[in-house]
Amino acid sequence: MADGMAGGESAETVELTVSAAASLTDALKDIRKVYESRHPDVRLVFNFGASGTLQRQIEQGAPVDLFISASARNVRDLVEKGLMDERRQIRLLTNELVVVVPADGHADAATLADLLKPEIKRVAIGIPESVPAGSYARDALANAGLWEALQPKTVQGKDVRQVLQYVESGNADAGFVYRTDALTSRRVRITFAVDRESCAPVEYLAGIVKDARHRKEAEAFLAFLQSEEALDLFVTYGYSVPK
Amino acid sequence: MDWNAFWSPIRLSLQVTLVASLLVTILGLAAAWRMSRRPFRGKSLLETAIMLPLVLPPTVVGFLLLILLGRKSGLGRAIEWLFGAPVVFTWWAAVIASVVMSFPLVYQTMKVGFASVDRDLEDAARASGASEWQVFRLITLPLTFRSLLSAYLLGFARSLGEFGATLMIAGNIPGKTQTIPTAIYVAVDAGNMTMAWAWAGAMIFISFLMLLLVGHRQS
């Protein structure tokens, strides 16, 4: 990769591997443009997926430097297993769980209970065991006493982006995604936001993996993510910055 | 271990596989028989198209099926109007994915089977006044019985293991469209190694039984 550099002393490009929650896909691709233009010696490689899937990959020894999870649980599990640094993790962003419907569809829902209506045939939700958006949704539905009743019409997506795609294509009549996912698509419409009291707050945690091969560069990128410039960019995508 | 959760994908996989393997064997048999009769224009093109699912990534087949049968397509809407419910995300979608993916295997096996039948035997039957249907039923089919059996078993095995296209159009609904391969994928993702092992064991057991059956038939 760096062989084009003539007379290179230590001008080797560092490939920084960042495992990030699927919901961050669009925002992080923008961040990469800004960051790489300023740090020509660093190449950011993103591995997007459900936070639970990414956690499992790190447990199995995947070569990852930085982990940004959509749920505190995944990071906490990795810290407990001694795979992530206890001190080097930050609450980066917050998000909101919403229910979306196809923009051109007729089905509508104003509350969680409305999802039981017969004209809503399929409700897409992330696999609760591995997709944080799915686990938040399950908690909210369980708190409302609707989880069991809704079960027969739920279809479970492997990450929050698949849930979005199921609703975009009209194959699901409603779906649980984050506000930021909903804002990336013109083919879905937010019908309501899930009450903040009914599920745990949606928080993104970022941290450095213990076996990181490029610790120094990972620290630098983590610092950049917290800079005003990066946070402003996240805010344009609909994220909030924790107080 | 949750036994109900353990058995549900196994029951569903067997149900999907049984229906799909029967359907694909009938369809593959009919197609191979028709094609073996006489040459026609575009025959090799059609044959190549039939073989495509064998070499295409299952995700490509899944994607095309989703476009074809989804709720935004004419065909998808026609099915929804006919049956009162969309076909995507149902166990029938899993059957369709399995049939499409295993069709080339069944077709190819039956084609070789029909090619191996001595034409003189069929002609002798015709000369004795047998109709085409009688020739097929009494001469051709018995002579290709072994091919038919291996075609069925190949279709069964391919259907049982079908994952990519199935996940795309049948989705992942525990108890309704979650087959063994999907269940294993989800369990590994969720870090549930006990269940992943249990289903992997069940899969190995069923496949072992099948191979044993084939070996027994051949000896």
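Residues numbered from 1 in each chain as written. Chains lettered and ligands numbered in written order. Predicted model: local features only at pLDDT ≥ 70, side-chain atom pairs only at ≥ 80, totals over all residues.

The next thing to look at is the overall build of chain A. Broken down by element type, chain A carries 9 helices and 10 strands. Taking 243 residues into account, the globule formula puts the C-alpha radius of gyration at 18 Å, and chain A, at 19 Å, falls close to it. When its C-alpha atoms are laid out on the principal axes, chain A stretches across 70 × 40 × 30 Å. Sorting the 243 residues of chain A into buried and exposed places 46% on the buried side. A separation of at least 24 residues holds for 76% of the contacts in chain A among residues at least 6 apart in sequence. (Helix = DSSP H or I, 4+ residues; strand = E, 2+ residues; numbered from the N terminus. Rg over C-alpha atoms; globule rule 2.2 N^0.38 Å. Buried ≥ 20, exposed ≤ 12 C-beta atoms within 10 Å, placed from the backbone. Contact = placed C-beta atoms within 7 Å.)

Of all 10 residues that make up helix α4 (residues 74-83) of chain B, 1 are buried, and the element is exposed over most of its length. Downstream of α4 of chain B by a residue or two, G84 of chain B has a phi angle that is positive, lying close to 80 degrees.

In this structure, L66 and A133 of chain A are the most contacted members of the largest nonpolar core, which totals 119 residues. Broken down by element, the residue count for this core peaks at 15 residues, all from helix α5 (residues 91-115) of chain B. Both of domain 1 (14-94 + 203-236) and domain 2 (97-193) of chain A provide at least three residues apiece to this core. When near neighbours in sequence (up to four residues on either side) are disregarded, L66 of chain A contacts L16, V18, A206, I208, V209, A218, F221 and L222 of chain A. (Core = buried A, V, L, I, M, F, W, Y, C linked by C-beta atoms within 7 Å. Domains from an automatic or database assignment.)

Turning our attention to the confidence of the model for chain B. Residue and element names in this part refer to chain B. The predicted model of chain B averages 91 in pLDDT, with 99% of residues at 70 or higher. Element-level pLDDT for chain B is lowest in helix α11 (residues 193-218), with a mean of 88, against a maximum mean of 96 in α5. If you check the scores for this complex, the pTM reads 0.84 and the ipTM reads 0.77. (pLDDT = per-residue confidence, 0-100.)

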